[in-house]
Amino acid sequence: MAKKVRVGVIGAGQVSQQMHIPGLLKSPLTDLAAIADVSEKRRSEAAKQFNIPHVFADYKDLLAMDDLDAVCVALPNFLHCPATVDALNAGKHVLCEKPMAMNRKEAEKMIAAARKKRRIFMIGQNMRFTRDTQLAKKAIASGKIGEPYHARCFLLRRNGIPRIGSWFTQKKYSGGGVLLDLGVHMLDCTLYLMDSFDVATVTGMTFAKFGARGLGDGTWGMDERATGRPYDVDDYAAAFVKMKSGKSVILEVAWHAYTAPSRAIDIYGDRGGIHTPPTKLFGEKKDIEPPIAPESAKMPLPTERMVHFVECVARGRRPICDPAQSLVVQKVLDAIYESSRSGREVRIR
């Protein structure tokens, strides 16, 4: 068994306590050593609940721990870049919550720091690790649908805005709305399944029809509406993405829309198609073939992103979430906003 990885968590909010920390503890290789958060209440709660020995108000004190191997950055979007760069410069391996950054410039800065320090750097794209995604990836790689040429992906909510007035709905802290919150998931997973990150051009539109009117409020995040903070981000986005190879992707995401809640990725190939989730295979002879693997089938990857990250650090392996691919996703998200503002197609460089 590999040596345990001493991990620190930066951020003790909802995503940390409900996702990051429980995910880390699923790995027998994790030694959860420290946590940092500016809120005394949050950091104390997390430390007590998960028996974390070292607790800090300032994450830079956490990074000063010489025996810490890696950190997870579970902070609001505007802090992803500075905290990640600081951690990498301190010699730590880093998993950063999605989206990668506020914009392309920040994302490039993070990658440069990882390369300079020769540390493992991964964006926590959890949809790549689900059982359904792994089944779909395996089927596509084995040639079951032939050559993928087009995909559509969508995630539509009703009343799913993450707390109107929280940092999620303030552009200066989030960088954007539903596009950066949900669009990043769907776009990353779709490009990963198609194995196609050679994006050429993007055309997109974003809308803000509900949040500013107090409609569509969800249950995620702290309820800060009483503070009177603004809602100045998108609650719907759609885009058409063209690849240099000639492939294409349609993306649609909504925090709130007058439609049935739904989520799916459809990959169209010249010999068949795949729908996920649940993962089903469409062929010439049958409309829908049975599930492509039994529930008991072992997956090639852990179904938890945190476990994968810890294993990569422990064994010196490269994560499947390549930062270069995450940078492409960031470029596309930036381009969708630019296209919506300008009304023009945007070329990716």
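Residues numbered from 1 in each chain as written. Predicted model: local features only at pLDDT ≥ 70, side-chain atom pairs only at ≥ 80, totals over all residues. Heavy atoms only, no water.

## Considering the environment of alanine 314
Relative to the helices and strands, alanine 314 resides in helix α9 (residues 305–315). Under the relative-accessibility criterion, alanine 314 is labelled partly exposed at 24%. Distance from alanine 314 to proline 53, taken between C-alpha atoms, is 21 Å for residues 261 residues apart in sequence. Setting aside chain neighbours within four positions, we find alanine 314 in contact with Ala2, Lys3, Val5 and Leu29. (Helix = DSSP H or I, 4+ residues; strand = E, 2+ residues; numbered from the N terminus. Buried < 20%, exposed > 50% of the residue type's maximum accessible area, 1.4 Å probe, protein only. Contact = heavy atoms within 4.5 Å.)

## Examining the pairing of strand β8 (residues 199–207)
The side chains of a regular strand alternate between the sheet's two faces. Of the pairings in the sheet, the one linking β8 to strand β9 (residues 236–243) comprises 8 bridges and is antiparallel in character. Across the sheet, threonine 206 pairs through a bridge with alanine 237, a residue of β9. Pairing analysis gives 2 bridges linking β8 to strand β14 (residues 346–347), with the strands arranged antiparallel. Following the sheet pairing, valine 202 is matched in β14 by valine 346. (Pairing = 2+ DSSP bridges.)

## Here's the deal with the sheet that holds strand β6 (residues 121–123)
Pairing is parallel across the open sheet formed by 6 strands, whose spatial order is β3-β2-β1-β4-β5-β6. Among the strands making up the open sheet, the edge pair consists of β3 (54–56) and β6. The sheet shows a mean angle of 20° between the axes of neighbouring strands, direction not considered. Taken together, the 4 bridges between strand β4 (residues 70–73) and strand β5 (residues 93–96) define a ladder with parallel strand orientation. Looking across to β5, one finds that valine 71 is bridged to valine 94. Each of β4, β5 and β6 is contacted by helix α4 (residues 80–89), which is oriented at about 165° to β5, the strand it contacts most. (Axes fitted to C-alpha atoms, helices over the stretch in contact; angles between N-to-C directions.)

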